[in-house]
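Notes for the structure review
Here's the letter readout for the chains.
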Amino acid sequence: MNGKESLIRVEDLKKEFVGVHALNGVSVEIKRGEVVFVVGPSGSGKSTFLRCLNRLEDPTGGHIYFDGVDLMDGKININKHRQKMGMVFQHFNLFPHMTVLKNMTIAPMKLQGTGKEEAEQEAMKLLERVGLADRANAYPSQLSGGQKQRVAIVRALCMKPEVMLFDEPTSALDPEMVGEVLQVMGELAKENMTMVVVTHEMGFAREVAHRVLFMADGQILEEAPPQEFFGNPKNERLKAFLSKVI
Amino acid sequence: MLQELQDKFYLNFIDDNRWAYLTNGLKTTLIVTLFAVLLGIAIGFLVAVVRSTCDKTGKLRILNALCKLYLTVIRGTPVVVQLLIIYFVIFGSVKIDKVFVAILAFGLNSGAYVAEIIRSGIMSIDNGQFEAGRSLGFNYVQTMTYIVLPQALKNVLPALGNEFIVLLKETSVAGYIIRSRTYDAFMPLIAVALIYLVMVLAFSKLLNLLERRLRNSER
């Protein structure tokens, strides 16, 4: 990934909940088109880190440069920048009172001024790509977990984001539905989407990631390409962690 | 026997066009209820949004305090007393349409209950919905308008319906404005209001304690 420009640069990011240091000075650079996986034991701060990137969680210190703009600057309009950062949640968070199509078109229509027809065409194209075109008029409650998560992914893609943030996207799924979601994510990675993925799917990380970060105690303890990360881990905590999960 | 019933019916409803009292009464009731409901929804909606916004973001502190005061006073005193205070005390020295006073009083009263109903609806929506909206780039108001409130209102519809039935029946106490004119208004009414308020405050304190205990046992 050398030579590509940096899309996100995080400097000394800190997040303190009442009395607890969830993030203890995290610095990392993510380049355009790079697929970065974040793994670690639960409570390590990896989800907090991800949620701080679009300030869904407000960091208590540090800087996040996204496309050259410091998101920690109080004067910027965070909503504008969030439009460029798609996010996929563990529990899907589809809007239950809207059809699949409406879920996908509401943000582009209200925020980017896209016309209804154009927004729906774009949404249908994306739905076709993930094999859900026939579910466009269904409500989220009528979908399976895997279908919901695929819709959630394309809903975020409708805003044409520069980066996609995934917060344990398969953790709430039944095992037989994990594959369909990972497949969509794998295709996204191939299309050079910049991705930051928090996950427990080690096999998938090894397969898709350009770089894997290991977090524990709110810090990044090791970062390496997947072969090295899984094949030759250096940090003791990482070794212990890998021996437990693989 | 049948004749007697007939006579009574005639005397009560037909003679002197007395049925008009009933239909007029019904008309007034409906007018008062309709406008009071609208006023109640408007107030309740605003108060609920202010309260939830303060809970979620910590903004609007002063407005929130005012809303809390409004809720405490309105929910802590009986509607009859509120009605009488508005008519005899607040508008005591000006000539004013009784129907208007009734609408104002019931609207203000209902608003407090509607506010808490809607707030409970907002709180019932999973925070993930809110986060999903924000992550797409919607601001706070847009997220509320497009995503949270439509779901919240749907959830509280039965409770709102209930509140409006209560309101419809409550408007019967508007009759007091007409009958109680001979009384000295200010002192006794304020006294009554205060006594009720103290009782209700004590009761809600007890309820709070109970709620906290129930919450602790959930962990």
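Residues numbered from 1 in each chain as written. Chains lettered and ligands numbered in written order. Predicted model: local features only at pLDDT ≥ 70, side-chain atom pairs only at ≥ 80, totals over all residues. Heavy atoms only, no water.

So, on to the overall build of chain B. Scanning chain B from N- to C-terminus turns up nine helices and zero strands. The N-to-C order of helical and strand elements in chain B reads α-α-α-α-α-α-α-α-α. Burial analysis of chain B (219 residues in total) assigns 37% to the buried set. About 13600 Å² of surface is accessible on chain B, with carbon and sulfur atoms providing 67% of the total. (Helix = DSSP H or I, 4+ residues; strand = E, 2+ residues; numbered from the N terminus. Buried < 20%, exposed > 50% of the residue type's maximum accessible area, 1.4 Å probe, protein only. Areas by Shrake-Rupley, 256 points an atom, 1.4 Å probe, with all protein chains shown as cover.)

With that settled, consider the pairing of strand 10 (residues 219-224) of chain A. Residue and element names in this part refer to chain A. In terms of strand pairing, strand 9 (residues 211-216) meets strand 10 through five bridges, oriented antiparallel. Counterpart to Phe214 in the pairing with strand 10 is Glu222. Counted along the chain from strand 9 to the antiparallel partner strand 10, the turn is two residues long, and its residue Asp217 has a positive phi close to 55°. (Pairing = 2+ DSSP bridges.)

This next bit is on the packing of helix 3 (residues 61-76) of chain B against helix 5 (residues 98-124) of chain B. Residue and element names in this part refer to chain B. Contact geometry of helix 3 with helix 5 gives a least axis separation of 9 Å together with a crossing angle of 115°. Here helix 3 and helix 5 pass one another in a crossing that is left-handed. Packed against helix 3, whose contacting residues are Tyr70, Leu71, Ile74 and Arg75, the element helix 5 presents Leu108, Asn109, Gly111, Ala112, Tyr113, Ala115 and Glu116 at the interface. The residue inventory of the contact of helix 3 with helix 5, partitioned by class, reads seven nonpolar, two polar and two charged. (Axes fitted to C-alpha atoms, helices over the stretch in contact; angles between N-to-C directions. Left-handed = near helix turned anticlockwise from the far one by under 90°. Contact = heavy atoms within 4.5 Å. Nonpolar A, V, L, I, M, F, W, Y, C, P; charged D, E, K, R; others polar.)

For any two aromatic rings, the description comes down to two numbers: the centre-to-centre distance and the angle of the planes. Residues and elements named next belong to chain B. Here the structure, examined in full by the defined rule, presents six aromatic pairs over all chains. Ring centres of Tyr87 and Phe88 lie 5.0 Å apart, and the angle between their planes is 80°; on these two criteria the pair is classed as edge-to-face. Here Tyr87 matches Phe88 in class, with each residue buried. Ring centres of Phe130 and Tyr140 lie 5.5 Å apart, and the angle between their planes is 65°; on these two criteria the pair is classed as edge-to-face. With Phe130 in helix 6 (residues 127-136) and Tyr140 in helix 7 (residues 140-170), this residue pair connects regions lying 10 residues apart in the sequence. (Phe/Tyr/Trp six-rings, centres within 6.5 Å; stacked < 30°, edge-to-face > 60°.)

The next subject is the sheet that holds strand 1 (residues 6-17) of chain A. All names here are of chain A. Pairing is antiparallel in the open sheet, where four strands are placed in the order 2-1-4-5. Of all strands in the sheet, those bounded by a partner on one side alone are strand 2 (20-31) and strand 5 (69-70). Contacts from helix 1 (residues 46-53) reach strand 1, strand 2 and strand 4 (61-66), with the element oriented near 120° to strand 1.

What follows is about helix 1 of chain A. Residues and elements named next belong to chain A. Most of helix 1 is tucked away, with seven of its eight residues classed as buried. Residues Lys46, Thr48, Phe49, Leu50, Arg51, Cys52 and Leu53 constitute the buried set of helix 1. Of the residues flanking the end of helix 1, it is Arg55, one or two places downstream, whose phi is positive at about 60°.

Moving on, we get to the interface of chain B and chain A. Each side of the interface is counted separately: chain B has 17 residues, and chain A has 22 residues. A buried area of about 1600 Å², summed over both sides, lies between chain B and chain A, and 61% of it is on carbon and sulfur atoms. Connecting chain B to chain A are one salt bridge. The partner of Glu131 of chain B in a salt bridge is Arg51 of chain A, and the shortest N-O contact between them spans 2.6 Å. Taken together, the links from chain B to chain A amount to six residue pairs in polar contact (both at pLDDT 80 or more). Secondary structure elements with two or more residues in the side of chain B that touches chain A: helix 6 and helix 7 of chain B. Considering each element in turn, the side of chain B that touches chain A owes the most residues, eight residues, to helix 6 of chain B. (Buried area = accessible area lost by both parts, 1.4 Å probe. Salt bridge = Lys/Arg side-chain N within 4 Å of Asp/Glu carboxyl O. Polar contact = N/O pair within 3.5 Å; in protein donor to acceptor, adjacent residues only side chain to side chain.)

Turning next to the pattern of salt bridges. All names here are of chain A. Applying the stated criterion across every chain, the model contains 20 salt bridges over all chains. The salt bridge partner of Glu122 is Lys125, with a shortest N-O separation of 4.0 Å. Here Glu122 pairs with Lys125, and both are found in helix 4 (residues 116-129), just three residues apart, close to one helical turn. A relative accessible area of 53% means that Lys125 is categorised as exposed. In this structure, the salt-bridge partner of Glu236 is Lys239, at a minimum N-O distance of 3.4 Å. In this pair, Glu236 and Lys239 are both assigned in helix 9 (residues 236-245), three residues apart and thus about one turn of the helix distant. Through salt bridges that share partners, Glu5, Arg32, Asp67 and Glu162 make up one connected network.

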